[in-house]
Amino acid sequence: FVACGAAAGVASAFNAPIGGVLFSLEEGASYWSTRLTWRAFFCAMITLGTMFTIRNFDTAFGYAEIDKLFSFGEFNSLTGEHSNFSIWELLLFGVIGCLGGLIGACFNAANEALTLWRMAKVNHSKKRRFYEVLVVSLGVSILSYAMPYVWGRCTELPSDMQDWNNQEKNLVEALVPFQCIPKKEYNEVASLIFTDADTAIKQLFHFRESGEDDSSTFSSAALFLFFFPYILMATVVYGIAVPSGLFVPSLLSGAAFGRLCGHLLHKLDHTSGTFADSGTYALMGAAAVLGGMARMTISLTVILLEATGDMQYVLPLMLTLMAARFTGNVFNEGLYDIHIKLRSIPFLEEEVPAIAERYEIVAGQVMSKTDVKCLRPVERAGVVYDLLRSCRHGTFPIVDTASGGTLYGTASRSMLCTLLQRRAFGDPGVLSESAYTPNSPDGNGNTNSDISRLGPKRLSPLVQWDTIERVFPRYPTIEDAEMRPNDRNCWLDLRPYANTAPFTVNETASIQRSYRLFRTLGLRQLCVVNHNNQVVGIITRKDLLPEALADSLIRGRNAQNRGENGNGGQGDEPDETESLPILS
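Residues numbered from 1 in each chain as written. Predicted model: local features only at pLDDT ≥ 70, side-chain atom pairs only at ≥ 80, totals over all residues. Heavy atoms only, no water.

A. Representation of the packing of helix α4 (residues 89–121) against helix α10 (residues 247–268). Taken N-terminus to C-terminus, the directions of α4 and α10 make an angle of 140 degrees; their axes are 11 Å apart at the nearest point. By the criterion of interaxial angle, the relationship of α4 to α10 is oblique. Judged by the sense of rotation from one axis to the other, the crossing of α4 with α10 is right-handed. On α10, the residues touching Leu92, Ile96, Leu99, Gly100 and Ile103 of α4 are Phe257, Cys261 and Leu265. Partitioned by chemical class, the residues of the contact of α4 with α10 number seven nonpolar, one polar and no charged. (Axes fitted to C-alpha atoms, helices over the stretch in contact; angles between N-to-C directions. Helix = DSSP H or I, 4+ residues; strand = E, 2+ residues; numbered from the N terminus. Parallel < 35°, antiparallel > 145°, perpendicular 65-115°, else oblique. Left-handed = near helix turned anticlockwise from the far one by under 90°. Contact = heavy atoms within 4.5 Å. Nonpolar A, V, L, I, M, F, W, Y, C, P; charged D, E, K, R; others polar.)

B. Looking closely at a nonpolar patch on the surface. Together, Ile18, Trp38, Phe41, Phe42, Met45 and Ile46 make up a nonpolar patch on the protein surface, roughly 580 Å² of accessible area in all. Along the chain, isoleucine 18 turns up in helix α2 (residues 17–28). In this structure isoleucine 18 comes out as partly exposed when scored by relative accessible area, which is 38%. (Patch = residues over 30% accessible without salt bridge, like charges linked within 9 Å, V, L, I, M, F, W, Y side chains within 5 Å. Areas by Shrake-Rupley, 256 points an atom, 1.4 Å probe, with all protein chains shown as cover. Salt bridge = Lys/Arg side-chain N within 4 Å of Asp/Glu carboxyl O. Buried < 20%, exposed > 50% of the residue type's maximum accessible area, 1.4 Å probe, protein only.)

C. The packing of aromatic side chains, seen in detail. The final tally for this structure, using the stated rule, is 19 aromatic pairs. Ring centres of phenylalanine 23 and tyrosine 336 lie 6.4 Å apart, and the angle between their planes is 75 degrees; this geometry places the pair in the edge-to-face category. Here tyrosine 336 lies in helix α14 (residues 335–342) and phenylalanine 23 lies in helix α2, a separation of 313 residues in the sequence. Taking the centre distance of 5.8 Å and the plane angle of 35 degrees together, the rings of phenylalanine 227 and phenylalanine 257 count as tilted. On the criterion of sequence distance, the pair formed by phenylalanine 227 in helix α9 (residues 220–237) and phenylalanine 257 in helix α10 is long-range, its members being 30 residues apart. Per residue, the accessibility class of phenylalanine 227 equals that of phenylalanine 257, and both read buried. (Phe/Tyr/Trp six-rings, centres within 6.5 Å; stacked < 30°, edge-to-face > 60°.)

D. Main features of the environment of valine 535. One can find valine 535 in strand β9 (residues 535–540). Between the alpha carbons of valine 535 and glycine 405 there is a distance of 8.0 Å; along the sequence they are 130 residues apart.

E. Representation of the nonpolar core. Ranked by internal contacts, the top residues of the largest apolar core, which has 73 residues, are Phe14, Phe72, Phe205 and Phe247. For this core, the leading source of residues is helix α11 (residues 278–294), giving eleven residues. Residue contacts for phenylalanine 247: discarding those within four places in its chain leaves Phe14, Phe23, Leu290, Met296, Leu300, Ile303 and Tyr336. Ranked by size, the runner-up nonpolar core spans 27 residues in total, among them Ala381, Met415, Cys490 and Leu492. (Core = buried A, V, L, I, M, F, W, Y, C linked by side-chain atoms within 4.5 Å.)

F. Quick peek at helix α12 (residues 298–308). A large share of α12 lies buried, amounting to nine of its eleven residues. Those residues of α12 that sit buried are Ser299, Leu300, Thr301, Val302, Ile303, Leu304, Leu305, Ala307 and Thr308. Tucked into the core, α12 has its buried residues touching α1 (2–14), α2, α10, α11 and α13 (314–331). Downstream of α12 by one or two residues, glycine 309 has phi in the positive range, about 70 degrees.

What follows is the structure in structure tokens.
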């Protein structure tokens with residue numbers, strides 16, 4: 001759902017359905033499959049279809065138009081059939097990418113420090129979060145209003161616009177005459193601050209500029225005065241208790257930075273025409289700053305291409321984004337990755353952690369032992385109820401005591417809660433507790449127990465599988481189940497509902513294998529068994545994070561040191577891992 005929602009959001013905002021799907025692939029999911037690709041594509045398609053229908057509802061079957069929530073405007077070639085840039089300018093685009101990566105790294109480091117302060121001082125109180133929003137909103141409003149006042153200069157509107165297209169003329173009409181003569185002058189900073197981000201970024205992309213003549217554009221000082229406070233405000237605002245966003249502030253501040261670079265290059269160009277237009281540099285700056293913050297490459301390239309609709313920028317955007325990513329990775333991680341770690345979300349990266357490649361770590365060192373709770377194939381209802389009340393685990397191993405405690409299967413929490421809610425209990429007298437204590441072997445070496453003689457006989461009413469899954473995803477919780485005193489000794493037969501073929505890994509398997517199983521199969525937990533197929537532990541996503549792997553490696557070394565300092569190392573470690581106890 002998160003991946004599909006991300007694809008739909010990007011598709012609606014930038015009219016980029018393919019970019020939205022790639023964004024979900026690159027940033028929105030740790031597990032990807034063909035089915036998820038189709039679902040994300042379908043969501044993006046329905047999103048565009050809905051927008052198309054709503055915006056063209058009154059056109060019947062005539063020609064229709066579709067607008068974007070955030071538009072880059074119309075990009076055209078300024079020199080006929082040639083591109084708007086020279087081949088040698090790719091080096092300059094790479095430099096802008098490196099600078100954007102440096103800006104993004106500074107943004108991420110500052111926002112990380114600010115987020116840590118919020119987590120310690122603000123986020124634990126709803127009142128403080130509310131007051132923080134009020135204070136930040138007031139500060140941003142004051143600073144945004146003060147910036148045009150500090151600029152205090154009026155620029156004449158362009159007069160000779162005969163060869164300008166309609167888009168450029170409309171942008172001139174959108175200029176803000178703050179403290180200036182209306183329809184004659186405009187305030188450069190106010191035209192970027194007091195307009196919506198959609199219009200501001202079009203102005204940065206499409207206002208003309210050539211040589212030393214800057215009468216129809218924004219000056220270097222105005223661009224700098226807008227860029228620095230704006231990105232500072234974006235750093236502070238990102239993370240408060242309101243949806244502030246990252247894409248639009250990064251694109252707008254990056255566009256100002258890129259246009260500033262283009263304007264400075266044109267100041268050096270006394271012959272006019274040596275460098276590309278400042279709008280091209282603004283586009284590269286927008287890609288560089290956003291790429292330096294989020295560290296996206298493939299998806300962001302496609303998003304920007306779909307938003308601009310001009311394929312001449314494929315190579316410059318690829319080069320700029322790669323340079324921004326490499327430069328930013330020298331200093332820190334992307335902003336999304338930073339916030340994922342700050343919130344302790346067990347997100348598994350594509351590559352196996354470096355510590356797992358450097359040291360020989362096996363599943364038995366990483367697995368959890370004490371937190372694993374096992375059930376029997378036929379269990380008392382009271383035992384299951386108490387277990388679900390005492391822990392929040394999502395899956396429980398089922399251990400078959402009739403065969404020496406081997407793994408029988410697994411049972412999900414949602415299934416157990418549904419069975420308890422529907423009171424799928426059996427008569428308490430149909431089976432005795434001695435059934436779980438196998439008798440002495442007979443002459444053939446077989447053990448005698450009631451469980452082994454049950455066969456396919458069910459001890460509780462059967463609940464159909466479609467009944468259990470009908471309420472997805474709103475499964476009942478343990479609070480919805482009622483446990484009466486007379487029901488506690490009733491039997492709950494889990495055999496018809498158990499997953500009898502769960503994914504398992506041997507305790508001697510490498511951690512690289514366990515990690516790839518989680519990534520390629522989209523697992524949430526993995527049972528660890530010994531050579532006798534007895535459950536000895538369980539691995540979750542949190543156990544595979546680099547920090548958890550480092551802790552397990554330290555614990556293993558400490559245990560080894562204690563063994564060496566003991567009685568000659570004898571008797572400190574068992575010969576083989578013992579199986580986990582069973583609830584009863």
